[in-house]
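# Coordinates in review
For reference, the chains in residue letters:
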Amino acid sequence: MSEQARQPLLLDLSLAQLERAVVDLGQPAYRARQVYHWLHQRGVLDPQGMTDLPATIREQLAANYDCQPLRFRTQAVSADGSIKYLWTVADTAPVEAVLMPGFDYGTALCASSQSGCGFGCGFCQTGRLGLRAQLSAGQILAQLYDAESRGGMTADRLVLMGMGEPLANLRSVRQVVAVLTGAEGRDWSARRITVSTVGLYKPLVELANTFPRVNLALSLHFTSAEKRRKHMPKAEPRLERLADALFNYRRVNGGKLTIEYALLDGLNDRDRDARRLAQFARLADIDRESELIQQALEYPVPPRQQPLPLHVNLITYNPIPAAPQYRPTDERRVSEFARLLSDAEVPVTVRRSRGADIAAACGQLGSEIA
Ligand code: SF4
């Protein structure tokens, strides 16, 4: 490991830590706020580019901190306008993010919370890499800032739906949310951030209690514990536990909840799957006696709480060469499946993945670096 790599990452510092750091360098504390604004409001990570700071502090920061959280490797542009970026950390651990313009609200960045992933979901390319590195908050934020700078666009939303399981890296995710929603950072509403998870019970409870109004997307994909165990071996398999956690989230958090469901030919796209999914979307499986639910019921209902059933996003699956046993459901069946949900009064959207032509779509991220 190089000398530079051992230095603390400037972008990892909270404002309070930056204030201490600046004072330790013999500079007045108010300079920290200027540096923080350059980093998080303007996305300038190199102190030399912080042009209203005296040369001494710029040199001190550059000499004492690692100011390059990610090493840029390459980018690819999709026919739909999405841009996939590939960086590395720790020399060869890949980190990918996809900048997606053209939504009704503007532009979204789908970012990674880990390099690779240790959860091993059978249908996912990222899972094939295994966990390569846990990303720090600065390494997650740097994806946003670098993608914005290279793409010449400002992102309106951040979706943690790239590589990795965000709830297995809660500490960094917490700091990312704090920076983006902080008045000295991006001053975003928490509703502009979505955390996606395959479903981990305890972290879901923690997320509900600590990130008010952050949106949550549960990648359910299968409606039986047996199939979830088989295809998503490290996710919470029990539907009742997941329903408990979502009920609690909905009650105490107030963020928007969606269920993500990738349709897989013959594996989860039958009529009975649609019926079970509709039942789950009503959170019908919750254990009304559980301590968690009793606690959740004590919370006042947050304003504008999303009605039940929850919204289901049906995702057209993007096949990966390494797992030919997972095939996408054909278009006609996707429409039928959606209609079954609509008939059961479940709000449903069929989502076409962006960037499939550049392997940037859901489940396809997973570049190998030599
Ligand atoms: Fe990891 Fe998510 Fe892929 Fe599962 S689906 S292997 S949790 S990145």
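Residues numbered from 1 in each chain as written. Predicted model: local features only at pLDDT ≥ 70, side-chain atom pairs only at ≥ 80, totals over all residues. Heavy atoms only, no water.

## Notes on the overall build of the protein
The condition is simple: The numbering of helices and of strands both runs from the N terminus, where a helix is a DSSP run of H or I of at least 4 residues and a strand a run of E of at least 2. In this scheme, a residue with accessible area under 20% of its type's maximum is buried, one over 50% is exposed, and one in between is partly exposed, where area comes from a 1.4 Å probe on protein chains only. In this analysis, two residues are considered to be in contact whenever any of their non-hydrogen atoms come within 4.5 Å of each other.
For the protein, the helix and strand inventory stands at 13 helices and 12 strands. Dimensions of the protein, computed from the C-alpha atoms along their principal axes, are close to 65 × 50 × 35 Å. Burial analysis of the protein (370 residues in total) assigns 56% to the buried set. Sequence separation of at least 24 residues holds for 68% of the intrachain contacts in the protein that already meet a minimum separation of 6.

## As for the pairing of strand 2 (residues 83–89)
So the rule is basically this: DSSP-based pairing: two strands are paired if at least 2 bridges between them are found.
Counting buried positions along strand 2 yields seven of seven residues, so the element is predominantly enclosed. Direction of pairing for strand 1 (residues 71–77) relative to strand 2: antiparallel, over a ladder of six bridges. Counted as the bridge partner of R71 is T88 from strand 2. Linking strand 1 back to strand 2 in an antiparallel pair, the connection comprises five residues, with G81 at a positive phi of about 95°. Between strand 2 and strand 3 (residues 93–103), which pair antiparallel in sequence order, lie three residues; one of them, A90, sits at a positive phi of approximately 45°.

## A look at the site of the ligand
Stated precisely, the cut-off is as follows: When we say a residue is near a molecule or strand, we mean one of its heavy atoms is within 4 Å of it. As a working rule, the residues Ala, Val, Leu, Ile, Met, Phe, Trp, Tyr, Cys and Pro are called nonpolar, Asp, Glu, Lys and Arg charged, and the rest polar, with Gly in that last group.
Around the ligand, the neighbouring residues are C117, F119, G120, C121, C124, G127, G164 and V198. Of the residues contributing to the shell around the ligand, the split by class is five nonpolar, three polar and no charged.

## Comments concerning the packing of aromatic side chains
Spelled out, the test is: Pairing of aromatic rings covers Phe, Tyr and the six-membered ring of Trp, with a centre-to-centre limit of 6.5 Å; geometry is then stacked below 30 degrees between planes, edge-to-face above 60, and tilted otherwise.
Scanning the entire structure with this criterion turns up five aromatic pairs. Ring geometry for F103 against Y105: centres 5.3 Å apart, planes inclined by 5°, an arrangement best described as stacked. Among the residues examined, F103 registers a relative accessible area of 29% and is labelled partly exposed. The exposure class of Y105 is partly exposed, given its relative accessible area of 28%. Their ring planes at 85° and their centres at 5.9 Å tell us that F123 and Y326 sit as a pair that is edge-to-face. Taken together, the residues F123 in the loop between strand 5 (114–116) and helix 5 (125–129) and Y326 in the loop between strand 11 (311–316) and helix 13 (331–343) connect sequence positions 203 residues apart. Of the residues examined, F123 reaches a relative accessible area of 10% and is grouped as buried.

## Describing the packing of helix 8 (residues 201–210) against helix 10 (residues 239–252)
What counts, and what does not: Axis lines are fitted through C-alpha atoms, for helices just across the contact stretch, and the angle between N-to-C directions can take any value from 0 to 180 degrees. Oblique is the label for any angle not covered by the other classes, which are roughly parallel (under 35 degrees), roughly antiparallel (over 145) and roughly perpendicular (65 to 115).
Across the interface, helix 8 lies against helix 10 with an axial gap of 9 Å and an inter-helix angle of 5°. The angle between the axes of helix 8 and helix 10 places the two elements in the roughly parallel class. Contact residues: Y201, L204, V205, L207, A208 and N209 in helix 8; R241, L242, D244, A245, N248, Y249 and V252 in helix 10. Split by residue class, the contact of helix 8 with helix 10 holds nine nonpolar, two polar and two charged.

## Details of the domain arrangement of the protein
Put simply, the rule reads: How far each domain reaches was decided by an automatic or database domain assignment. Put simply, buried area is the surface a 1.4 Å probe can reach on two separate parts but cannot reach once they are joined, added for both. One speaks of a salt bridge when a side-chain nitrogen belonging to Lys or Arg is within 4 Å of a carboxyl oxygen belonging to Asp or Glu.
Looking at the assigned domains, one finds that the protein contains domain 1 (3–64) and domain 2 (71–358). Relative to domain 2, the C-alpha centre of domain 1 lies at a distance of 33 Å. Contact residues are listed per partner, giving 14 residues for domain 1 and 13 residues for domain 2. In total, about 1,000 Å² of surface goes out of reach between domain 1 and domain 2, with carbon and sulfur atoms giving 50% of it. Per-residue buried area on domain 1 facing domain 2 is highest for L11, D12 and H40; these three make up 45% of the total on that side. Where domain 1 packs against domain 2, one counts one salt bridge. For R33, the salt bridge is made with E184, and the minimal N-O distance between the two is 2.7 Å.

## A closer look at unusual backbone geometry
For residues besides glycine, phi is generally negative; the peptide bonds are generally trans as well. Backbone torsion omega between L308 and P309 reads -5°, so that peptide bond is classified as cis. Relative to the helices and strands, P309 resides in the loop between helix 12 (291–298) and strand 11. Backbone geometry at R213 places phi at a positive 75°, although glycine is not the residue there. Secondary-structure assignment places R213 in the loop between helix 8 and strand 9 (215–219). Unusually for a residue other than glycine, H221 sits at a positive phi of about 65°.

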